Every structure is written in C-alpha cells, then in structure tokens.
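Coordinate analysis (summary)
Residues per chain are reported as follows:
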Amino acid sequence: QVQLVESGGGFVQAGDSLRLSCAVSGLTFSRRTMGWFRQAQGKEREFVAAISWSGGSTPYAASVKGRFTISRSNAKSMVYLQMNSLKPEDTAVYYCAAGPLVGVTTTSSSYSYWGQGTQVTVSS
C-alpha cells in the first residue's frame, strides 16, 4: 500500500518560513522523481517543485524560485520543501507526489501517487 503523508503546514505571517515534510512508504522511493504541487482555493492545482531520484535536477515554478528549496533523503524515504520569504499568494494546500522512475517532470498527470495535502496559510 503506497502512502504519502505530508506534515509541517500551518499559519504564518508574510516573510516567515515553513518546512514541509513528506513521508513515503510502499514504493521504491529512491528511484522516483518526487514533486510538490499546490492548490489555492478556487484555482487549479499547480506545480511548485520537483526533484530527481539523485537530487541532481530540481526544477521550480517561477513564482517560488529563489525562495523555496526541495530536497530528499533516500535513506529515510522523505522529501522536503523549505519555504522562505512566504507571501500571501503562497497560501494553498500543498501536496506531495511520487512521479516517474525516469526523467523529471512538472506535469501533474505524470505523478501516480499523491498525499492528502497540508494547508499553508500566509497572512499579510
């Protein structure tokens, strides 16, 4: 049974930082691209960041580049999203997703497994 469990969301002020974590079980984590997506209320789900199995490729959405950092621990089957300089427009439910075994993709349809999401709210 594949499980992705996010944690670390919360309510913060603009300019603050948060670190999201995603614990993964039930699949070969170390071979898969992992990604973070988000969905704001009334909007479509959008790509935030992804990381290749080796950590060598880490594409970001333009809106978060320079503020967010994705990382992973293959030994712990964990993926992280460090979010700095948070803005009110970062408010959304953040989802962790397990992607393909080959290649890094920013397309949500390429991700087979998803977590339940964690809410991030940034107040101005």
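Below: a short report on this structure. Fair warning: this is a prediction, and the values are worked out from it, not measured in the lab.

**Re the packing of aromatic side chains**
By convention here, two paired aromatic rings are described through the distance between centres and the angle between planes. All chains considered together, the criterion is met by 5 aromatic pairs. For the pair F37 and F47, a centre-to-centre distance of 5.7 Å together with 75° between the ring planes defines the contact as edge-to-face. Taken as a pair, F37 in strand β4 (residues 34-39) and F47 in strand β5 (residues 46-51) lie far apart in primary sequence, 10 residues in all. The exposure class of F47 is buried, given its relative accessible area of 14%. A network of ring pairs unites the aromatic residues F37, F47, Y95, Y111 and W114 as a single cluster. Above the ring of Y95, the side-chain terminus of R45 is found at 4.1 Å from the ring centroid. The ring of F29 carries R72 above its face, with NZ or CZ at 4.4 Å from the centroid.

**What to know about the pairing of strand β1 (residues 3-7)**
Residue alternation in β1 divides its side chains into a buried set, L4 and E6, and an unburied set, Q3, V5 and S7. Across 5 bridges, β1 lies against strand β3 (residues 18-25) in antiparallel orientation. Within β3, the position partnered with E6 by the bridge is C22.

Reading guide: rules and limits
- Residues numbered from 1 in each chain as written.
- Predicted model: local features only at pLDDT ≥ 70, side-chain atom pairs only at ≥ 80, totals over all residues.
- Heavy atoms only, no water.
- Phe/Tyr/Trp six-rings, centres within 6.5 Å; stacked < 30°, edge-to-face > 60°.
- Helix = DSSP H or I, 4+ residues; strand = E, 2+ residues; numbered from the N terminus.
- Buried < 20%, exposed > 50% of the residue type's maximum accessible area, 1.4 Å probe, protein only.
- Lys NZ or Arg CZ within 6 Å of the ring centre and 35° of its normal.
- Pairing = 2+ DSSP bridges.

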